[in-house]
Amino acid sequence: MVKKIKVAILISGRGSNMKALIDACRDINFPAEIAMVISNKHDALGLNYAQQNNILTAIIDHKKFYSRQQFEEAIDQEITKCGIDIICLAGFMRVLSPWFVEKFQGRLINIHPSLLPEFKGANAVADALNSGAKISGCTTHFVSVDVDSGEIIMQAQVDILSNDDFNSLAQKILVQEHIIYPQTLKKICKKILQQN
Ligand code: GRF
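Residues numbered from 1 in each chain as written. Predicted model: local features only at pLDDT ≥ 70, side-chain atom pairs only at ≥ 80, totals over all residues. Heavy atoms only, no water.

Peer 1: Report on the site of the ligand, specifying residues and quantitative values.
Peer 2: Taken together, the neighbourhood of the ligand is formed by R14, G15, S16, N17, G91, I111, H112, P113 and E177. Within the side chain of S16, one N or O atom sits 2.5 Å away from an oxygen atom of the ligand. At a separation of 2.8 Å, an oxygen atom of the ligand approaches a polar side-chain atom of E177. Contact with the protein chains removes 83% of the 360 Å² of surface that the ligand exposes when unbound. Most atoms of the ligand, that is more than half of them, are within 2 Å of grid points of the largest pocket. Listing elements by their share of the shell around the ligand, those giving two or more residues are α1 (16-24) and β5 (108-112). Its residues assigned to classes, the shell around the ligand shows two nonpolar, five polar and two charged. (Near = heavy atom within 4 Å. Polar contact = N/O pair within 3.5 Å; in protein donor to acceptor, adjacent residues only side chain to side chain. Areas by Shrake-Rupley, 256 points an atom, 1.4 Å probe, with all protein chains shown as cover. 1 Å grid on protein atoms, 1.4 Å probe; cavity = no way out; pocket = protein on both sides within 12 Å on 5 of 7 lines; lining within 4 Å. Sits in = over half its atoms within 2 Å of the grid points. Helix = DSSP H or I, 4+ residues; strand = E, 2+ residues; numbered from the N terminus. Nonpolar A, V, L, I, M, F, W, Y, C, P; charged D, E, K, R; others polar.)

Peer 1: Any chance you could break down unusual backbone geometry for me, citing the residues and the numbers?
Peer 2: Omega for the peptide link from L116 to P117 comes to 10 degrees, which places this bond in the cis form. Here P117 is to be found in the loop between β5 and α5 (124-131). Positive phi values are uncommon outside glycine, yet F119 reaches one of about 55 degrees. Mapped onto the fold, F119 is located in the loop between β5 and α5. If you check the backbone angles, D148 has positive phi at about 55 degrees while not being a glycine. Following the sequence through the fold, D148 ends up in the loop between β6 (135-142) and β7 (152-159). The exposure class of D148 is buried, given its relative accessible area of 10%. (Buried < 20%, exposed > 50% of the residue type's maximum accessible area, 1.4 Å probe, protein only.)

Peer 1: Explain the pairing of strand β2 (residues 32-39) to me, and be specific about the residues and the numbers.
Peer 2: By the criterion of burial, β2 is predominantly enclosed, with seven of the eight residues buried. Relative to β2, strand β1 (residues 5-11) is paired through seven bridges, and the arrangement is parallel. Note on β2: the bridge partner recorded for V7 is I34. Crossover handedness for the path β1 to α1 to β2: right-handed. Bridge analysis of β2 against strand β3 (residues 56-59) gives four bridges, and the strand direction is parallel. Looking at the pairing, M36 lines up with L56 of β3. (Pairing = 2+ DSSP bridges. Right-handed = clockwise from strand over helix to strand, strands pointing away.)

Peer 1: An account of the side chain of S136 is requested, with residue identities and associated values reported.
Peer 2: Inspection of the secondary structure assignment puts S136 in strand β6. A residue is classified by how much of its surface remains accessible, and S136, at 1% relative accessible area, is buried.

Peer 1: Before we move on, can you summarise the state of the cysteines with the specific residues and values?
Peer 2: Within this structure, the stated rule accounts for zero disulfides. Between C88, a free cysteine, and C189, which holds the nearest cysteine sulfur, the sulfur-to-sulfur gap is 7.4 Å. Looking at C88, the relative accessible area reads 0%, which means it is buried. For C189, a relative accessible area of 0% puts it in the buried group. (Disulfide = S-S within 2.5 Å.)

As structure tokens, then:
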């Protein structure tokens, strides 16, 4: 059997990228297992899918902590308890502090709905549409202290057509996200396994 890298996914909402990662890991030859899903929101939809798939879930509500670092220490504790090797952010809507980012440097991955470095930030799809750009897409990258600025791992491109609106563009990009995020995880896990 293939050796598996243990992955935690951090979500805040819908969790469609989380689902794509969970589904990819069903393949016995995929070099990762999703060992836990952490949400900062108790009503994140993605939690249901994780639980239905017998994945350990934890809700760590940032509002219950006095500081960002205390919130992140609680995440760190769960991750350490579970022996997690890699963290995938999948629609996790909290900016992580330098303390957390540096602690997990090279092991913390995010997906963003634009062709970075174009359209950083929370409104990437709308910004691409409003800019008049003819292409956009999505990017997986290592998380760095500066938001949406870490080393790029993979990208996929989509055309922006004259009849695209926010929903159609977001949907086209999402389809690509669900392809490149599992590919990215596979690539990073294989690399780690080769190094060990
Ligand atoms: C995705 O568009 C992702 O690129 C961005 O947040 C969205 C999360 O969607 N970071 P989902 O929760 O994975 O469905």
